[in-house]
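Coordinates in review
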Amino acid sequence: MLQSECIGPARRAGRGGSKQLGGQHEPARILVVDDDATITRTLRRTLTYEGYTVSTAADGETALRLVSQAPPSAVILDIMLPDLSGLEVCRRLRASHNLPVLLLTARDEVKDRVLGLDSGADDYLVKPFATEELLARVRAMLRRTTPVLEASGLLAYGDLTVDTASRLAQRGGQTIAFSTTEYELLTLFLRHPNQVLTRDQLMQAVWGHDFEGESNVLEVYVRYLRTKLEASGAPRLIHTVRGAGYVLRDQ
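Scoring rules and cut-offs
Residues numbered from 1 in each chain as written. Predicted model: local features only at pLDDT ≥ 70, side-chain atom pairs only at ≥ 80, totals over all residues. Heavy atoms only, no water. Phe/Tyr/Trp six-rings, centres within 6.5 Å; stacked < 30°, edge-to-face > 60°. Helix = DSSP H or I, 4+ residues; strand = E, 2+ residues; numbered from the N terminus. Buried < 20%, exposed > 50% of the residue type's maximum accessible area, 1.4 Å probe, protein only. Pairing = 2+ DSSP bridges. Axes fitted to C-alpha atoms, helices over the stretch in contact; angles between N-to-C directions.

It is worth spelling out the packing of aromatic side chains at this point. Taken as a whole and judged by the stated rule, the model has two aromatic pairs. Look at Y221 and Y224: their rings are 5.2 Å apart centre to centre, the planes differ by 75°, and that puts the pair in the edge-to-face class. Of this pair, Y221 and Y224 both sit in helix 8 (residues 217-229), three residues apart, which is roughly one turn of that helix. Overall, Y224 belongs to the partly exposed group, its relative accessible area being 36%.

And the structure:
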C-alpha cells in the first residue's frame, strides 16, 4: 500500500511528465503492472496528475503484450504477480527492450533487492512507500535513460551517435550524412526513444500543419533513414508499430 498520495487541487498536470515534441508537450507513458486494483488505481490517478499517460496490467503476460504492442517510456512493476513473477517479466523485458523498470515489492531484505536489480531493474521500491518518493524515482529513471547529450552537441541511442553541429552520424564505424528532412526526422526519434510517435505527430513536427505534398512522404523518409542506418548490416532501430506509428528502439 501507499503511505500517502499527496494529491490536491493545487497540483498541476505536466509538472514532470511531459516531453517536447514539435512545439507540443508529449507526455511520457508509464505502464503500471500490479494485481492490486487499489495500487493501480491510485498510481494511475497520481501519475496522470503529474502529466504522464498511464496504462495498467494486472498480470505479467498482459504487461509483456502491451509492451510489445507499444513500448512505454517506463514500467512500474510489482514482483508478486498471479502468473509470471515480476522478476521473470523484468528479465524478458530487458532481453527485448531498452526501457527503465522500477520494481515494487513488500520484501525489503538485501538479498531480495539484489535479485531485483540483477533481473534487470533500474530501481527498487519497498511497499509501503510515499507517493512523492515513487514520483521522484520515476523522474530520475527517465532522466537517466534520456539519450540526448545536448551539452556536448550529441544525440545518441545505442550504437548510433549524431553530431548536431555537423549533422553527421556515426554507426558501425561508418559516417552517415543526411538531407535536412532526414536529419529532422531522425533527431525527433532520438529525442523520444522507446516512445511510439504517431503519423500525425511526426508529420506536424517535421512537415508542418499545412503540408500539401505526397501522402506517403513519411513512409518514404522512414525508408531513407532505414537504408542509411542499416547500410553496414546494423540491426534496425526505427520500427513500425502497426496501427500506431513508429518507434526508435533496439529490438
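Next comes the rest of the description.
What follows is about the pairing of strand 11 (residues 154-157). Here strand 11 pairs with strand 12 (residues 160-163) via four bridges, running antiparallel. Within the sheet, the bridge partner assigned to A156 lies in strand 12 and is T161. Where strand 11 folds back onto strand 12 in an antiparallel hairpin, the turn is made up of two residues, including G158, whose phi is positive at roughly 60°.

What follows covers the sheet that holds strand 5 (residues 53-57). Ordered in space as 5-4-6-7-8, the five strands form an open sheet in which the pairing is parallel. If you trace the sheet from one side to the other, it starts and ends with strand 5 and strand 8 (123-126), each paired once. Across this sheet, the average inter-strand angle for adjacent strands is 20°, counted without regard to direction. As paired strands, strand 7 (residues 101-105) and strand 8 are joined by four bridges and run parallel to one another.

Distances and angles like these do not, on their own, reveal function.
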